[in-house]
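# Structural description and commentary
Here is what each chain is made of, one letter per residue.
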Amino acid sequence: MKLITLLLGFCYCLSAQDANLKDAVKFPLGASVNPRMLNENEAYRNIAKEEWTSLTAENHMKMMLIHPAADRFDFTKGDEILDFAKASGKRMHGHTLVWHNQVPQWMKDFQGDQKAWEELLKNHIQTVASHYKGKIAGWDVVNESFLDDGSLRPSLWADHIPDYIAKSFQWAHEADPAAILFYNDYGQDGKPKKMKAILDLLTDLKRRGIPIHGLGLQMHINVDSKRNELQEVLDKSAATGLKIHLSELDIAVNPKNNPDFVYDEKVASAQAEQFIFVFKSYQKIPAAQQYGITFWNISDKDSWLRGYFKRPKEYPLLFDDNYKRKPAYSSLINSLHTSN
Ligand code: XIL
């Protein structure tokens, strides 16, 4: 009898070790990926294949890369990611049609009246959305339109096209009527003016019958982000009734880029608790509104916080520099099991 109990316990431990996070949740789980890494790095590719049910292109569907010249679109790399996603049975999420960042030089140099700017943006949105029509579940149509004080961020689009957000959603919807269309932004926690501006935008768009279906919360947070503030953002977001996507999750542990920082067990376990909080709070959103959770990058090694922000001692994800699952991975699974 004792032996059987021991054996059962042993099997349970083994299965808990082998369990996949994607099987412990009822919503799509994803990561942003880079085609070069998918080609060159086997460990990265395996995680991309095995761990997720949804993928986002980290960069290759953005204006700068997909529309390099006025009369030329380059879908090669975006298509490569899409083919990889489809071949392994995953959902593909589109990111992003309109943003103030990663804009090609020819757009920055463009001269024209309002009508010409509208034609440029409409052509961009509709060519890209038509190319991926029926192949992509949803689009981040407009990304990061507001400043922290809630004012509209000055950009090529805000400066030349009045009401560019609403127009962008309409143009995207015309090109791919079945796609789920998102407004996507970051850093609403602790910034009530920014949050209010976003909610006001959503209310206004819905009142005017503009096709908008989802709100993307990027969730570039850190280990000290206040839970009551994060919870408030999630509650207010869910109250819109729209689909909610935690679209770019990472949890920074060394946000001030301290060169002497040590990622010890204490920090790692505080970070695991923060991951658990985010997942458990997300589970409380009505199932029909759960578009999914997407991590921004795969392992700590390829996190944009290290590359883009040049923070070498940053460890924001669930896989370590050797593409191994971190302890937070199984803590998360265990906590989700016990909460079911
Ligand atoms: C980042 C990429 O990860 C970097 O590789 C790139 O250099 C800059 O953009 N918000 C977004 C993402 O919506 O598109 C950004 O991605 C991260 C912040």
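Along each chain, the written sequence defines residue order, and numbers are assigned to residues from 1. In view of the model being predicted, local features appear only for residues whose pLDDT reaches at least 70, and side-chain atom pairs are presented and counted only at 80 or more, with totals across whole chains, interfaces and linings using the full set of residues. As a rule here, side-chain values come from all non-hydrogen atoms in the structure, and water together with hydrogens is ignored.

Cavities and pockets are defined on a 1 Å grid built over the protein atoms alone: a cavity is a set of grid points where a 1.4 Å probe fits but cannot escape, while a pocket is an open set with protein on both sides within 12 Å along at least five of seven lines, and lining residues are those with an atom within 4 Å of any such point. Grid points are joined across faces, edges and corners, and a volume is the space filled by probe spheres set on the points. Size it by volume and the largest pocket reaches roughly 930 Å³. Considering the residues around the largest pocket, the lining is formed by 43 residues, among which His 220, Trp 304, Leu 305, Tyr 308 and Phe 309 are closest to the centre. Contributing elements (two or more residues each) for the lining of the largest pocket: helix H3 (35–40), strand E7 (220–222), helix H12 (227–238), strand E8 (243–252) and helix H14 (304–307). The class makeup of the residues in the lining of the largest pocket is 16 nonpolar, 16 polar and eleven charged. Helix numbers and strand numbers start at the N terminus; a helix is a DSSP run of H or I with at least 4 residues, a strand a run of E with at least 2. Amino acids outside the nonpolar list (Ala, Val, Leu, Ile, Met, Phe, Trp, Tyr, Cys, Pro) and the charged list (Asp, Glu, Lys, Arg) are all regarded as polar, and Gly is one of them.

Turning next to the site of the ligand. Definition of nearness: a residue and a molecule or strand are near each other if at least one heavy atom of the residue lies within 4 Å of the molecule or strand. Around the ligand, the structure places 14 residues, and the nearest of them are Glu 58, Lys 62, His 95, Asn 143 and Glu 248. In protein, a polar contact means a hydrogen-donor-capable atom and an acceptor-capable atom, both N or O and within 3.5 Å, with residues adjacent in sequence counting only if both atoms are side-chain atoms; elsewhere, any N or O pair within 3.5 Å suffices. For the ligand, an oxygen atom lies 2.9 Å from a polar atom in the side chain of Trp 296. Cavity and pocket membership follows a simple rule, namely that a molecule belongs there if more than half of its atoms are within 2 Å of the grid points. A molecule is said to occupy a pocket when more than half its atoms come within 2 Å of that pocket's grid points, and by this definition the ligand occupies the largest pocket. A class-by-class count of the residues in the shell around the ligand yields four nonpolar, six polar and four charged.

The next thing to look at is the pairing of strand E6 (residues 214–217). The buried label goes to any residue with under 20% of its type's maximum accessible area, the exposed label to any with over 50%, and the partly exposed label to all in between, with areas taken from a 1.4 Å probe on protein chains only. What you see with E6 is no split at all: Gly 214 and Gly 216 on one side and Leu 215 and Leu 217 on the other are buried throughout. If the strands point away from the viewer and the path from the first strand over the helix to the second runs clockwise, then the crossover is right-handed. What joins strand E5 (residues 180–185) to E6 is helix H11 (residues 192–207), and the crossover it makes is right-handed.

Before going further, it helps to spend a moment on the packing of helix H8 (residues 114–131) against helix H10 (residues 164–175). Running from N to C, H8 and H10 point in directions that differ by 40°, and their axes come no closer than 9 Å. Viewed along their axes, H8 and H10 adopt a mutual orientation that is oblique. Handedness of the crossing formed by H8 with H10: right-handed. The segment H8 lies against H10, with Gln 114, Glu 118, Leu 121, Lys 122, Ile 125, Gln 126, Ala 129 and Ser 130 engaging Lys 167, Ser 168, Trp 171, Ala 172, Glu 174 and Ala 175. The axes used here are C-alpha line fits, helices contributing only the stretch in contact, and every angle between their N-to-C directions lies in the interval 0 to 180 degrees. Roughly parallel means an angle under 35 degrees; roughly antiparallel means over 145; roughly perpendicular covers 65 to 115; every other angle is labelled oblique. Each crossing gets its handedness from the near helix: less than a right angle anticlockwise from the far helix is left-handed, clockwise is right-handed. Contact criterion: two residues are considered in contact whenever any of their non-hydrogen atoms come within 4.5 Å of each other.

Across the protein, the average pLDDT comes to 95, with 94% of residues at 70 or higher. Per residue, pLDDT captures the predictor's confidence, and it can take any value from 0 to 100. Ignoring residues within four places in sequence, the model shows residues 8–14, a span with pLDDT below 50, making zero contacts including any to other chains.

Moving on: the nonpolar core. Counting 100 residues, the largest nonpolar core has Trp 139, Trp 157, Phe 169, Tyr 183, Phe 279 and Phe 295 as its most contacted members. Take this core: its biggest share by element is eight residues, from helix H13 (residues 265–283). Contact partners of Tyr 183, with chain neighbours within four places excluded, come to Val 142, Glu 144, Ser 145, Phe 146, Phe 169, Ile 198, Leu 201, Leu 202, Ile 212, Gly 214, Leu 215 and Gly 216. Buried Ala, Val, Leu, Ile, Met, Phe, Trp, Tyr and Cys residues form a nonpolar core when they are joined through side-chain atoms within 4.5 Å.

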